[in-house]
There are 2 protein chains.
Amino acid sequence: MAAKNPSTSSRQSGQLKTPKGTRDWVGRDLLLRDHIFTVLERHGGVPLDTPVFELRDILAEKYGEDSRLIYNLEDQGGEACSLRYDLTVPFARWLAMRSDVQNIKRYQIAKVYRRDQPAIARGRLREFYQCDFDIAGTYDPMIPDAEILRIISEVFTAFDMNITVKLNHRKVLDGMFTVAGVPADKIRSISSAVDKLDKAPWAEVKAEMLEKGLPETVADRVGSYVRRSGTLSALLGELSLDTELCGNESVAEGIADLKLLNSYLEAMSVAEEVSFDLSLARGLDYYTGVIYEVIPQNNGKTQVGSIAAGGRYDNLVGMYGKRPVPCVGISFGVDRIFTLLDAQRAKKSGSELAHEADVYIMAFGGKEFDGLLADRMRVATRLWDAGIRAEFSPKVKPRSTQQFNASDGVPVAVILGQEEVAAGQVRVKRLHVGDKNAAEKDKGQLVSMDDLVEEVRKLLDSTVPLS
Amino acid sequence: MAAKNPSTSSRQSGQLKTPKGTRDWVGRDLLLRDHIFTVLERHGGVPLDTPVFELRDILAEKYGEDSRLIYNLEDQGGEACSLRYDLTVPFARWLAMRSDVQNIKRYQIAKVYRRDQPAIARGRLREFYQCDFDIAGTYDPMIPDAEILRIISEVFTAFDMNITVKLNHRKVLDGMFTVAGVPADKIRSISSAVDKLDKAPWAEVKAEMLEKGLPETVADRVGSYVRRSGTLSALLGELSLDTELCGNESVAEGIADLKLLNSYLEAMSVAEEVSFDLSLARGLDYYTGVIYEVIPQNNGKTQVGSIAAGGRYDNLVGMYGKRPVPCVGISFGVDRIFTLLDAQRAKKSGSELAHEADVYIMAFGGKEFDGLLADRMRVATRLWDAGIRAEFSPKVKPRSTQQFNASDGVPVAVILGQEEVAAGQVRVKRLHVGDKNAAEKDKGQLVSMDDLVEEVRKLLDSTVPLS
């Protein structure tokens, strides 16, 4: 809290705004994050929070061409620093510094920074939230990979969103390219062409491959593989019959992994949400095993693309320190998820500034009525002490209508009258939201001050929450 | 998640570290923030989150001399931006942009940035957390001020910390200086000398006043006033008898405010934590009413100074826009609070990476034992679906000792055996933490898979939490 002589320049030039590609978040949206945390903590996640800027060296040469999007801090004497670009590099830096940590499930929700062209309506900003959950360390094969997929399912169930998880395996993909006849030095660039199949038609993708120097027969063979998708068990069955494909060692390893994974996904009841998609390639080079991308189902008009993505990266941490630490993880695109939820919710009413209360404390009286403010405060204090969210009018002598309006949406009222208060009693009453007649008939129940908390709790427990 | 060619320079020069004055936060400490949120939401707080950087104009000329501590972003083409210095200016900017908001209780927890000399052991960093709660808008006098003081008390009760709130009123302070004979143009500079009385002896403060050109008689008169402190009711009684002091209009207004405040604090059961301290001045110019500072009691060796501070600032928001919005608020020094709690907790054992689980799922068997991994997964899935934090060993065939060690501190175990599982049954058992003999005698209870969740809930409900 500090401000001395507010500049007039910002007002005169009309610059009372947030920087380009950034926005304020307020109210309801922020509370949505709790849904994610509940799931991540249920799975033993430990929260990590790293500085918003890192030494420039730590970020340098990590993002290829995209490095130009990194925000640098001004050289004000001292170390050269840059704002973080993602949460994975800081996690890898932290793991490399903490050689005492063998295995960890960590989560981090934080903003990342990219000096890109913002597209705010689609949830694409320069400052945006990511929420990463990663399992680091050596485990028996595919067990952590299955748990990550289970977590994805739980997170979107908590948001009441239907999703499809597109899944592939880098070893299947790379081996398949080899079998199709793609030269080793072209695999990554052909892979990135294939990755566009979710947005572009096959003809376009094929044209790109030919342009990249692939013979047409090879391109067609790639096409016959990568345009296949289906449930894991169905497609695994199909691929197993392809002896030429399975003769490739890399493909065979990938298929063995996926068979094991599928049995775990069935045990965890999430196999049905997963679609094995041989065109999924993911842009980043460092993935070494399963890769996946989450697509919202029936998202109507709001086109936001993938809303979470991740995979296994066994070699990344080893590049920062001496010890290799295999990892598998998922990154949730929090802003895109909120943009989707906002679109769903637009039909519903209510301000984003709304907050929830359990109890509204009112006072009424006749001519001599002094507002009973200190008594309302005493009642609030009892309820606060019990952890109950209680509010009252911040007026010495509040009007009845003011108090009724302010109690809109609050499930329980505590009502004070001069005589009852003098006798150590107050009235507690359920507020029949949406049914004014019933509310007016219900006179509530007179209780002694000492029983107040207990009686309020009973009413709260028997009230069905609105949201 | 992105990293391509990790630079070797950072490893070679040993620069695998966070920038100066920053640190990573992990695990337990971060969860402490929930204590604060619970209280702030109980009082109707709406969360606000603003960008980590603001247009430089918005921050310019707000912090006087301290402006040199502001971190600027590099000029990479585009707008000139700086990292936020506190949470008050962004809140005022937001309020000025949102003319539809009349009244709001908002909270924000976020990191702020100051290029100061860090003193990490005392919780003083260049990147540090603040948590602000402010009540903005027009209310009947002193009602929101009293609620802020109540919130302070609830927050530190949640942390199990004993505190004293030092409180003063700018009008009492300024009027008192006038009565003592301090010229109007010297009031702020004398005020800042007086503010040092908590760290320096009177003789030193007096010397500073004389140096600032105050006649000795005036300095002594100031001294006779400001060295007084006590409970609000006692000191208000004393001051009311001082007719010369109360003859000053500003003092009289301040005292009327404080009398009203004290009656509200008594109704809210927090009057005892408040000490009226006439030497408290607070550095910032913009306060217009009550000011306060929170000091930990018996904090032993860890000297962290004040751990929260705030006051009423009725004119600040009006400087940014056309409309004035009176505000009162508190800023919690989250890092300092965590530093104190860490010192208290140092005696206790346990890693900061510890996380909590409700249930550990184990499997045991003889020679033919295959580890029952898929069954452990199915059990975990049932528990996760019910919102229960369940874990199991990520080994196909885990050893008994591994599983016992991993279940340390977890209150309930679900135990799988080949035959029981074949019959659709598992064993649930309370883990008698700290009492191995009792644990070995207790064989638990055999339940059918369908009753599992219910039986686990019963055991969890009857288990006293350790933390």
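Here the structure is a predicted model, which is why all the values come from computation and not from measurement.

Colleague: How should I be thinking about the interface of chain B and chain A in this particular structure?
Modeller: It is common to report an interface's size as the accessible area lost on association of the parts. Taken together, the 121 residues of chain B in the interface contact 120 residues of chain A. With both chains or domains summed, chain B and chain A bury close to 10200 Å², and 60% of this area falls on carbon and sulfur atoms. We note a salt bridge from Asp 49 of chain B to Lys 111 of chain A, for which the minimum N-O separation is 2.7 Å. Put simply, chain B and chain A have 34 residue pairs in polar contact (both at pLDDT 80 or more) between them.

Colleague: How should I be thinking about the relation of the copies chain B and chain A in this particular structure?
Modeller: Relating one copy of the chain to the other requires a rotation about an axis plus a shift along that axis. Screw-axis analysis of chain B against chain A gives a translation of 0.0 Å along the axis, an RMSD of 0.1 Å, and a rotation angle of 180 degrees. Viewed as a symmetry operation, the transformation between the two copies matches a two-fold axis. Most of the interface of chain B is mirrored in chain A: 99% of its interface residues are interface residues there too.

Colleague: Is there a simple way to think about the packing of aromatic side chains in this case?
Modeller: Think of a pair of aromatic rings as described by two things: how far the centres are apart, and how the planes are tilted against each other in angle. On inspection of all chains with the given rule, the structure shows 18 aromatic pairs over all chains. An angle of 45 degrees between the planes, with centres 5.9 Å apart, marks the rings of Phe 53 of chain A and Tyr 113 of chain B as tilted. One end of the pair, Phe 53 of chain A, is in strand E3 (residues 53–55); the other, Tyr 113 of chain B, is in strand E5 (residues 104–113), on a second chain. Taking relative accessible area as the criterion, Phe 53 of chain A reaches 1% and is therefore assigned buried. With relative accessibility at 1%, the residue Tyr 113 of chain B sits in the buried group. Relative to Phe 404 of chain B, the ring of Phe 364 of chain B has its centre 5.6 Å away and its plane inclined at 25 degrees; by these criteria the two rings are stacked.

Colleague: Can you walk me through unusual backbone geometry in this structure?
Modeller: What you tend to see is this: most non-glycine residues have negative phi, and most peptide bonds are trans. Residues and elements named next belong to chain A. A positive phi angle, close to 70 degrees, is found at Met 142, a residue other than glycine. When you line up the elements, Met 142 lands in the loop between strand E6 (127–136) and helix H6 (143–158). Here the phi dihedral of Leu 372 falls at roughly 50 degrees; this positive angle occurs in a residue that is not glycine. Counting through the fold element by element, Leu 372 comes out in the loop between strand E13 (359–364) and helix H16 (373–385).

Colleague: Help me understand the sheet that holds strand E17 (residues 445–448) of chain B in this model?
Modeller: Two strands in a sheet stick together by hydrogen bonds in their backbones, pointing the same way (parallel) or opposite ways (antiparallel). Residue and element names in this part refer to chain B. Read across the sheet, 5 strands follow the order E14-E13-E15-E16-E17 without closing on themselves; strand pairing throughout is mixed. Each having just a single partner strand, strand E14 (390–392) and E17 make up the two edges of the open sheet. With direction set aside, neighbouring strand axes in the sheet form an average angle of 30 degrees.

Colleague: Explain the environment of Leu 69 of chain B to me, please; I cannot follow it from the model alone.
Modeller: Residues and elements named next belong to chain B. Among the secondary structure elements, Leu 69 is positioned in the loop between helix H4 (56–59) and strand E4 (81–83). Overall, Leu 69 belongs to the buried group, its relative accessible area being 6%. A C-alpha to C-alpha distance of 6.1 Å links Leu 69 and Asp 116, two positions 47 residues apart in sequence. With sequence-adjacent residues up to four places away left out, Leu 69 is seen in contact with Tyr 85, Tyr 113, Arg 114, Arg 115 and Asp 116.

Colleague: Explain the nonpolar core here, please?
Modeller: Most often, soluble globular proteins have nonpolar side chains that are buried together. Counting residues in hydrophobic clusters, the biggest one holds 109 residues, and the most contacted among them are Ile 152, Phe 156, Met 209 and Tyr 292 of chain A together with Ile 361, Leu 383 and Val 414 of chain B. Among the elements that take part in this core, H6 of chain A stands out by supplying 8 residues, more than any other. If we skip the residues at most four places from it in the chain, Ile 152 of chain A touches Ile 163, Val 165, Tyr 292, Val 294, Ile 330 and Phe 332 of chain A. Val 428 of chain A together with Phe 37, Leu 232 and Val 334 of chain B belong to the second-largest nonpolar core, a separate cluster that totals 108 residues.

Colleague: How should I be thinking about the sheet that holds strand E10 (residues 290–296) of chain B in this particular structure?
Modeller: Pairing within the open sheet is mixed, and its 10 strands lie in the order E1(A)-E2(B)-E5(B)-E6(B)-E12(B)-E11(B)-E10(B)-E7(B)-E9(B)-E8(B). Sheet topology places strand E1 (25–26) of chain A together with strand E8 (229–231) of chain B at the edges, where each strand pairs with a single neighbour. Taken together, the 4 bridges between E10 of chain B and strand E11 (residues 308–313) of chain B define a ladder with antiparallel strand orientation. Residue pairing for E11 of chain B: Val 294 of chain B is matched across the bridge by Ala 308 of chain B. Packing against the sheet, helix H6 (residues 143–158) of chain B makes contact with E5, strand E6 (127–136), strand E7 (163–169), E10, E11 and strand E12 (327–333) of chain B, and its axis sits at approximately 15 degrees to E12 of chain B. On top of the sheet, helix H11 (residues 232–241) of chain B reaches E7, E8 and strand E9 (274–277) of chain B; it is set at about 120 degrees to E8 of chain B, its chief contact.

Colleague: Would you mind going over the confidence of the model for chain A with me for this structure?
Modeller: Note that predicted coordinates carrying low pLDDT should not be read in detail. Taken as a whole, chain A shows an average pLDDT of 87; of its residues, 90% reach a score of 70 or greater. Confidence drops under pLDDT 50 across residues 1–14 of chain A; counting only partners more than four residues distant or on other chains, this segment forms 52 contacts.

Colleague: Looking at this structure, how should I read the pairing of E10 of chain B?
Modeller: Each regular strand shows side chains that alternate between the opposite faces of the sheet. Residue and element names in this part refer to chain B. Buried residues dominate E10, accounting for 6 of its 7 residues. Sheet topology note: the E7/E10 ladder contains 7 bridges and is antiparallel. Bridge assignment links His 169 to a residue of E10, and that residue is Val 290.

Conventions we followed
- Residues numbered from 1 in each chain as written.
- Chains lettered and ligands numbered in written order.
- Predicted model: local features only at pLDDT ≥ 70, side-chain atom pairs only at ≥ 80, totals over all residues.
- Heavy atoms only, no water.
- Contact = heavy atoms within 4.5 Å.
- Buried area = accessible area lost by both parts, 1.4 Å probe.
- Salt bridge = Lys/Arg side-chain N within 4 Å of Asp/Glu carboxyl O.
- Polar contact = N/O pair within 3.5 Å; in protein donor to acceptor, adjacent residues only side chain to side chain.
- Least-squares fit on C-alpha atoms with pLDDT ≥ 70 in both.
- Phe/Tyr/Trp six-rings, centres within 6.5 Å; stacked < 30°, edge-to-face > 60°.
- Helix = DSSP H or I, 4+ residues; strand = E, 2+ residues; numbered from the N terminus.
- Buried < 20%, exposed > 50% of the residue type's maximum accessible area, 1.4 Å probe, protein only.
- Pairing = 2+ DSSP bridges.
- Axes fitted to C-alpha atoms, helices over the stretch in contact; angles between N-to-C directions.
- Core = buried A, V, L, I, M, F, W, Y, C linked by side-chain atoms within 4.5 Å.
- pLDDT = per-residue confidence, 0-100.

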